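Okay, here's what each chain looks like letter by letter:
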Amino acid sequence: MAQYGLMIDNEYCTGCHSCEVACKNEHNLPLGQWGIKVLELGPWKLMDGKHWEYRYVPVPTSYCDLCKDRVAEGGKPNCALHCLASAIEYGTLEELAAKMEAKGKMASIFIP
């Protein structure tokens, strides 16, 4: 049986928080609880002294079940469906690992 997960592309996440809102709505999570939380990292000045770096990092929490009811009906997890930057992808671990290898940097895979 295939194992499924999320691949999160940290290079293209814009920090819009759509994944957080979609997840909270799907799971009816109360205020202060998240199934996925977007963390902000930075800004920090790069060693060239001219440029700054700032990152958004979506992190699934222990509440994430990959929207098992939605997926059982043929859909995909709500965070992946509503990600405006297409920075969150759902698939089998093999598919995600291949995409991550092709990407080469700044991506992670989440398996609940």
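Residues numbered from 1 in each chain as written. Predicted model: local features only at pLDDT ≥ 70, side-chain atom pairs only at ≥ 80, totals over all residues. Heavy atoms only, no water.

Peer 1: Help me understand the overall build of the chain, please; the structure alone is not making it clear to me.
Peer 2: When its secondary structure is counted, the chain shows four helices and five strands. Counting from the amino terminus, helix and strand elements in the chain follow one another as β-α-β-β-α-α-β-α-β. Dimensions along the principal axes, computed over C-alpha positions, put the chain at roughly 50 × 35 × 20 Å. Counting over 112 residues, the chain shows a buried share of 31%. Counted over contacts in the chain with a minimum sequence separation of 6, partners at least 24 positions apart contribute 59%. Accessible area of the chain: about 7,000 Å², with a carbon and sulfur share of 55%. The chain carries 11 positive and 14 negative side-chain charges, and their two centres are separated by 7 Å. (Helix = DSSP H or I, 4+ residues; strand = E, 2+ residues; numbered from the N terminus. Buried < 20%, exposed > 50% of the residue type's maximum accessible area, 1.4 Å probe, protein only. Contact = heavy atoms within 4.5 Å. Areas by Shrake-Rupley, 256 points an atom, 1.4 Å probe, with all protein chains shown as cover. Lys, Arg positive; Asp, Glu negative; His and termini not counted. Charge placed at Lys NZ, Arg CZ, Asp CG, Glu CD.)

Peer 1: How should helix H1 (residues 18-27) be read in this particular structure?
Peer 2: Helical geometry: 3.6 residues make up each α-helical turn, so side chains three or four residues apart lie on a common side. For H1, every residue scored as buried is listed here: Ser18, Cys19, Glu20, Ala22 and Cys23. Tucked into the core, H1 has its buried residues touching strand S2 (36-45), strand S3 (52-60), helix H3 (78-82) and strand S4 (88-92).

Peer 1: I would appreciate a short explanation of the pattern of salt bridges in the present structure.
Peer 2: Opposite charge on two side chains permits pairing when their charged atoms draw close. Going through the model one piece at a time under the given rule, you end up with six salt bridges. The partner of lysine 103 in a salt bridge is glutamate 11, with the nearest N and O atoms 2.6 Å apart. Of this pair, lysine 103 sits in helix H4 (residues 93-103) while glutamate 11 sits in the loop between strand S1 (4-9) and H1, placing them 92 residues apart in sequence. A residue is classified by how much of its surface remains accessible, and glutamate 11, at 27% relative accessible area, is partly exposed. One salt bridge in this structure joins glutamate 20 and lysine 37, with 3.9 Å as the shortest N-O distance. (Salt bridge = Lys/Arg side-chain N within 4 Å of Asp/Glu carboxyl O.)

Peer 1: I would appreciate a short explanation of the environment of glutamate 94 in the present structure.
Peer 2: Secondary-structure assignment places glutamate 94 in helix H4. The class of glutamate 94 is exposed, set by a relative accessible area of 56%. A sequence separation of 90 residues divides glutamate 94 from tyrosine 4, and the C-alpha atoms of the two residues are 8.7 Å apart.

Peer 1: Help me out: how do you make sense of the environment of tryptophan 34 in this one?
Peer 2: Structurally, tryptophan 34 is set in the loop between H1 and S2. The exposure class assigned to tryptophan 34 is partly exposed, which follows from its relative accessible area of 26%. What tryptophan 34 contacts, discounting residues up to four positions off in sequence, is Glu20, Lys24, Leu29, Thr61 and Tyr63.

Peer 1: I keep staring at the pairing of S2 and nothing clicks. Help me out?
Peer 2: When a strand is regular, its side chains alternate between the sheet's two faces. With eight bridges joining them, S2 and S3 adopt antiparallel strand pairing. Across the sheet, tryptophan 44 pairs through a bridge with glutamate 53, a residue of S3. (Pairing = 2+ DSSP bridges.)

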